[in-house]
Amino acid sequence: MARQIVLPFEKWSGAGNDFLLVHARDLLAASARPALTRRLCARRTGIGADGLIVLRASTRAAEYRNADGRRAAFCGNGARCVGARLLQDAAVEEV
């Protein structure tokens, strides 16, 4: 029987692209991320997304991966989603 894991995620959309946002603390080793990204982003068999964004609180950085698992240096629409997510966190902290 296949082992199942629970991976908390959020799905965000930015200007027509959709992304899965996950926290680095919830992921397996970095070497497993390309395969995991391909499985999660698959439209027919996974959750479906244009990419996976790994949020790291310790460095205040984000790692972007295309749906095929390759790392990308920058993604404008993905950055839009991360910015909106950070603003949402800031608004909650003010209340």
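No experiment lies behind these values; they were computed from the predicted model shown.

**Description of the overall build of the chain**
Next up, step 1: When helices and strands are tallied, the chain shows two helices and five strands.
Next up, step 2: Mapped in sequence order, the helices and strands of the chain form the string β-β-α-β-β-β-α.
Next up, step 3: Expected size for 95 residues packed as a compact globule is a radius of gyration near 12 Å; at 13 Å, the chain falls within 12% of this value.
Next up, step 4: Projected onto the principal axes, the alpha-carbon positions of the chain cover approximately 45 × 25 × 20 Å.
Next up, step 5: Looking at the chain as a whole, 34% of its 95 residues qualify as buried.
Next up, step 6: Within the chain, counting contacts between residues at least 6 apart in sequence, those at least 24 apart form 51% of the total.
Next up, step 7: Surface summary for the chain: the accessible area is close to 6400 Å², and the carbon and sulfur share equals 54%.
Next up, step 8: For the chain, the distance from the average site of its 15 positive side-chain charges to the average site of its 9 negative ones is 8 Å.

**Quick notes on the side chain of Thr37**
Next up, step 1: Structurally, Thr37 is set in helix 1 (residues 33-41).
Next up, step 2: A residue is classified by how much of its surface remains accessible, and Thr37, at 0% relative accessible area, is buried.
Next up, step 3: With residues near it in sequence (within four places) discarded, Thr37 still touches Leu52, Arg65, Asn66, Ala67 and Gly69.

**With respect to helix 1**
Next up, step 1: Looking only at helix 1, the buried set comprises Arg33, Leu36, Thr37, Leu40 and Cys41. With its buried residues spanning 115° around the axis, helix 1 presents them on a single face.
Next up, step 2: The inward-facing, buried residues of helix 1 abut strand 2 (17-23), strand 3 (51-56) and strand 4 (61-66).

**Here we look at the pattern of salt bridges**
Next up, step 1: With the rule as written, the count across this model stands at ten salt bridges.
Next up, step 2: Note that Asp26 and Arg25 form a salt bridge whose closest N and O atoms lie 4.0 Å from each other.
Next up, step 3: Judged by its relative accessible area of 28%, Asp26 is partly exposed.
Next up, step 4: The exposure class assigned to Arg25 is exposed, which follows from its relative accessible area of 64%.
Next up, step 5: Here Arg70 makes a salt bridge to Asp68, at a shortest N to O gap of 2.7 Å.
Next up, step 6: The class of Arg70 is exposed, set by a relative accessible area of 53%.
Next up, step 7: According to the relative accessible area criterion, Asp68 is partly exposed, its value standing at 34%.

Conventions adopted
- Residues numbered from 1 in each chain as written.
- Predicted model: local features only at pLDDT ≥ 70, side-chain atom pairs only at ≥ 80, totals over all residues.
- Heavy atoms only, no water.
- Helix = DSSP H or I, 4+ residues; strand = E, 2+ residues; numbered from the N terminus.
- Rg over C-alpha atoms; globule rule 2.2 N^0.38 Å.
- Buried < 20%, exposed > 50% of the residue type's maximum accessible area, 1.4 Å probe, protein only.
- Contact = heavy atoms within 4.5 Å.
- Areas by Shrake-Rupley, 256 points an atom, 1.4 Å probe, with all protein chains shown as cover.
- Lys, Arg positive; Asp, Glu negative; His and termini not counted.
- Charge placed at Lys NZ, Arg CZ, Asp CG, Glu CD.
- Arc of directions from axis to C-beta.
- Salt bridge = Lys/Arg side-chain N within 4 Å of Asp/Glu carboxyl O.

By themselves these figures say nothing about function.
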